[in-house]
Amino acid sequence: MPSLLTLSDVMGTGQHGAVAAEVGPGKTAAVVGDGAVGLCGVIAAKRLGAEQIILLGRHSDRIALAKEFGATDVVSERGEEAVERVRELTGGFGAHSVLECVGLEQSMQTAIGIARPGGAVGRVGVPQDETMAGSRTAFFDNITVSGGPAPARAYIEELLPDVLEGRIEPGRVFDRVVGLDEVPDGYRAMNDRKAIKVMVKS
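Read on for a plain summary of the structure. Per chain, residues are indexed from 1 in the order of the written sequence. Since the coordinates come from a predicted model, pLDDT governs what is reported: local features require at least 70, and pairs of side-chain atoms require 80 or more to be given and counted, while whole-chain, interface and lining totals use all residues. Only hydrogens and water are set aside; all other atoms, that is, all heavy atoms of the structure, feed into the side-chain values.

Observations concerning the packing of aromatic side chains
Phase 1: Any two rings among Phe, Tyr and Trp, with Trp reduced to its six-membered ring, count as a pair given centres within 6.5 Å; such a pair is stacked if its planes are under 30 degrees apart, edge-to-face if over 60, and tilted if neither. As enumerated under the stated definition, the model contains one aromatic pair in all.
Phase 2: Between Phe 139 and Phe 140, the aromatic rings sit 5.0 Å apart at their centres with planes inclined by 90°, giving edge-to-face as the arrangement.
Phase 3: When a residue's accessible area, from a 1.4 Å probe over protein chains only, is under 20% of the maximum for its type it is buried; when over 50% it is exposed; and in between it is partly exposed. Among the residues examined, Phe 139 registers a relative accessible area of 60% and is labelled exposed.
Phase 4: In this structure Phe 140 comes out as exposed when scored by relative accessible area, which is 57%.

Quick look at the structure:
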């Protein structure tokens, strides 16, 4: 049941980020953000055949889960250090596909900075700013930037068999269960990074 629930939310969003980032067989994908959407983005990148999947995140529990989902490398640095580290891991080129799953100026700047020339960034983190960071770099490096709110229903038909047959387990992002009276506590736990994703049971 938890994995089925993710199809209407975080798994659909991770899939949308991977599709927008043009993830495909043999490509290098980088996922910026280790929240529930980023972790589902790792699953999506693996499903779509990425050969190398780099997670940019800092939380040990989430990193462990990302590795189980298919992440091959982890970058815990931020800013320019993160960009340099991803370039090291990709032979100096950067990633073909980058999933931006945070929505902050720095995360978008990083996403564009780690994309190789001609690469693609899939934005699924809700933007917190009116302008897009890194637009000049994206322009001069011919980086495709697309994405937006996930049309989750459009991906259910494709993802549902993988969940039902046990090929993917996105429901593992739910690491806390609360009742209706505890919903505010659940939101606080996610905000304080004490929970990845909270499931509400009545």
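There is more to say after this.
Some details on the side chain of Arg 62
Phase 1: In this description a helix means any DSSP run of H or I spanning at least four residues, a strand means any run of E spanning at least two, and both kinds are numbered starting from the N terminus. Inspection of the secondary structure assignment puts Arg 62 in helix α4 (residues 60-69).
Phase 2: Beyond its immediate chain neighbours, meaning those up to four positions away, Arg 62 contacts Asp 34, Gly 35, Leu 39, Arg 193, Ala 195 and Ile 196. The contact definition used throughout considers only heavy atoms, calling two residues in contact when any of these lie within 4.5 Å.

Here's the deal with the sheet that holds strand β3 (residues 73-75)
Phase 1: Two strands qualify as a pair provided DSSP detects at least 2 bridges between them. Read across the sheet, six strands follow the order β3-β2-β1-β4-β5-β6 without closing on themselves; strand pairing throughout is parallel. Across the chains shown, the open sheet's two edge strands, defined by having one partner strand only, are β3 and β6 (144-147). Each adjacent strand pair in this sheet contributes to an overall mean axis angle of 20°, direction not counted.
Phase 2: As paired strands, strand β1 (residues 28-32) and strand β2 (residues 52-56) are joined by five bridges and run parallel to one another. The partner of Ala 30 across the bridge, within β2, is Ile 54. What counts as an axis is a line fitted to C-alpha atoms, over the stretch in contact for a helix, and the angles between N-to-C directions run from 0 to 180 degrees.

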